[in-house]
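Each chain, written out:
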Amino acid sequence: MPPDPTRSAPAPFDAVLFDMDGTLVDTEGLWWEATADVAAGLGRELGPSDLPHVLGRTVHDTACHLAPDDVARVSDRLTDSFADRIRKGVRVVPGARELLRALTASAVPTALVSASPRSIVELVLPSLGHRFEVVVAAEDTARGKPYPDPYLEAARLLETDPRRCVALEDSPTGVAAATTAGCDVLVVSVEVGLPALTDVIRRKGRS
């Protein structure tokens, strides 16, 4: 029997794993602003050398960088400062909703793998209008990005091999985490936006 042309070929992966900040929503700038505000209260001014300790990192990691002797209090201040900015609204990255809808229509499982605490994730999720099968937040693994633990946990919860997953990331920290976990990584940016599902399939099919 000839193949049915109306049926699409199965995707060459089991799931798509998404970073949140800077990948699905344009919040990296808000996180930097929140961190700079807290740092100023500590008598510090952020500069380029602070970037690796802020962007893509967990609240705990950034607090350790800013005030290693007062991590708990500074973590709370960072989370509150970031949340205040999130509540004013976030911009969804172009192509994000379209890609998420296409994955739902194709019955491809998705996971959100964020370095943000769950309280921040829950503030952002309504803007995406998508139900992720799995959500891994900062509190869910002992080590955050750039360690592979968050991506390994997402694959475990999805009951799949991370090597059968595509991860979308924007920061070097996140890319390192997903790559070390064994995922095929697509690097995205808020300026360019997210690719269409056909482009994700084409990229994975070549890997």
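The rules behind each value
Residues numbered from 1 in each chain as written. Predicted model: local features only at pLDDT ≥ 70, side-chain atom pairs only at ≥ 80, totals over all residues. Heavy atoms only, no water. Buried < 20%, exposed > 50% of the residue type's maximum accessible area, 1.4 Å probe, protein only. Helix = DSSP H or I, 4+ residues; strand = E, 2+ residues; numbered from the N terminus. Pairing = 2+ DSSP bridges. Phe/Tyr/Trp six-rings, centres within 6.5 Å; stacked < 30°, edge-to-face > 60°. Core = buried A, V, L, I, M, F, W, Y, C linked by side-chain atoms within 4.5 Å. Contact = heavy atoms within 4.5 Å. Salt bridge = Lys/Arg side-chain N within 4 Å of Asp/Glu carboxyl O.

Chemist: Could you clarify how one ought to interpret the pairing of strand β1 (residues 15–18) in this entry?
Modeler: The two faces of the sheet receive side chains in turn, since in a regular strand these alternate between them. Where burial is concerned, the two faces of β1 agree: the one with A15 and L17 and the one with V16 and F18 are both buried. Where β1 lies against strand β4 (residues 165–169), four bridges are found, and the strand directions are parallel. Looking across to β4, one finds that A15 is bridged to C165.

Chemist: When you look at the packing of aromatic side chains in this model, what are you seeing that I'm missing?
Modeler: Remark: the centre distance and the inter-plane angle together describe each pair of aromatic rings, the angle taken between the planes. Evaluation of the coordinates by the stated rule reveals two aromatic pairs. Look at F18 and F132: their rings are 6.3 Å apart centre to centre, the planes differ by 70°, and that puts the pair in the edge-to-face class. In this pair, F18 sits in strand β1 while F132 sits in the loop between α6 (118–128) and β3 (134–136), placing the two residues 114 residues apart along the sequence. For F132, a relative accessible area of 8% corresponds to the buried category. Relative to F82, the ring of W31 has its centre 5.2 Å away and its plane inclined at 55°; by these criteria the two rings are tilted. With a gap of 51 residues between them, W31 in helix α1 (residues 28–41) and F82 in helix α4 (residues 71–87) connect regions that are remote in the sequence. Side by side, W31 and F82 carry an identical accessibility label, which is buried.

Chemist: Even after reading the chapter, I still don't get the nonpolar core, so can you show me in this structure?
Modeler: The tendency in soluble globular proteins is for nonpolar side chains to be buried side by side. F18, L24, L78, L99, L168 and L194 are the most contacted members of the largest nonpolar core, which totals 45 residues. Broken down by secondary-structure element, the contributors of at least two residues to this core are β1, α1, α3 (59–66), α4, α5 (96–105), α6, β4 and α9 (197–206). In terms of residue count, the dominant contributor to this core is α4 (six residues). Sequence-distant contacts of F18, that is, excluding residues within four places in its chain, are made with L24, L99, L100, L103, T110, A111, L112, V113, F132, Y151, L168 and L194. By size, the runner-up hydrophobic cluster in this structure holds 16 residues, among which are V113, A167, A178 and V185.

Chemist: Mind showing me how you'd approach the environment of E122 here?
Modeler: Within the secondary structure layout, E122 lies in helix α6. For E122, a relative accessible area of 52% gives the class exposed. Along the chain, E122 and V135 lie 13 residues apart, while their C-alpha atoms are 9.9 Å from each other.

Chemist: Looking at this model, I keep getting lost on the pattern of salt bridges. Mind explaining?
Modeler: Two side chains with opposite charge may pair up if their charged atoms get near one another. Within the structure shown, the criterion is met by 14 salt bridges. R85 is the partner of E33 in a salt bridge, and the nearest nitrogen-oxygen pair spans 3.5 Å. You can see E33 sitting in helix α1 and its partner R85 sitting in helix α4, a full 52 residues away along the chain. We classify R85 as partly exposed; its relative accessible area is 21%. Note that D199 and R202 form a salt bridge whose closest N and O atoms lie 2.6 Å from each other. Taken together, the residues span about one helical turn, with D199 and R202 both in helix α9 at a distance of three residues. Via salt bridges that share partners, D19, K145 and E169 belong to a single interconnected network.

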